[in-house]
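Letter by letter, the chains look like this.
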Amino acid sequence: MDWATLGKDCSNDPKNRRVAGRVALQHIECSLGSVLDLSSTGMKLMCKCKPPIGVGEPFSMVLIGLDGPVPVTCRAVWIRKSGWRAYQTGVTFIDMTPELREAIATLARSVYMNETILPDIERLRRSA
């Protein structure tokens, strides 16, 4: 899988500022909430309350997958209210290393819309 070109090429669409295509994910959590989609350059998050970060502000967080935690450094690109006490946040990854890029690609490949492993995911989270 070529992670850099995964999904739709968004670079020629003037309405879309994304650099890389996104993969929709299910059942992946992070320290701010749920990961809705993921690319090689960033991700969209669903937060249950207003995130404790501001747009443009760098911060560290942890993605929680089946292979263990993946610490990443991000910058908030946008924050939008999406419901009562719910917010969506777009972040871009910063300070990416080849090892971190591979860990994120592995995470995306292992959980892409995979409902069959949901009981295992829930059992793993309960035991942590």
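This is a predicted model, so every value here is computed, not measured.

In this structure, what is going on with the side chain of serine 39? I would like to understand it.
Tracing the backbone shows serine 39 in the loop between β3 (33–38) and β4 (42–47). The buried category is assigned to serine 39, whose relative accessible area is 1%. Only 3.0 Å separates the side chain of serine 39 from the backbone nitrogen of threonine 41, close enough to count as a polar contact.

Help me understand the environment of arginine 101, please; the structure alone is not making it clear to me.
Along the chain, arginine 101 turns up in helix α1 (residues 98–111). For the pair arginine 101 and threonine 41, spaced 60 residues apart in sequence, the C-alpha separation works out to 9.0 Å. In terms of polar contacts, arginine 101 uses its side chain to reach the backbone carbonyl oxygen of serine 40, at 3.1 Å.

Looking at this model, I keep getting lost on the packing of aromatic side chains. Mind explaining?
Two numbers describe a pair of aromatic rings. These are the distance of the centres and the angle of the planes. Scanning the entire structure with this criterion turns up zero aromatic pairs. When the ring centre of tryptophan 78 is taken as origin, the NZ or CZ atom of arginine 80, which lies over that ring, is 4.0 Å away. Sitting over the ring of tryptophan 84, arginine 85 keeps its end group 5.6 Å from the ring centre.

Conventions we followed
Residues numbered from 1 in each chain as written. Predicted model: local features only at pLDDT ≥ 70, side-chain atom pairs only at ≥ 80, totals over all residues. Heavy atoms only, no water. Helix = DSSP H or I, 4+ residues; strand = E, 2+ residues; numbered from the N terminus. Buried < 20%, exposed > 50% of the residue type's maximum accessible area, 1.4 Å probe, protein only. Polar contact = N/O pair within 3.5 Å; in protein donor to acceptor, adjacent residues only side chain to side chain. Phe/Tyr/Trp six-rings, centres within 6.5 Å; stacked < 30°, edge-to-face > 60°. Lys NZ or Arg CZ within 6 Å of the ring centre and 35° of its normal.

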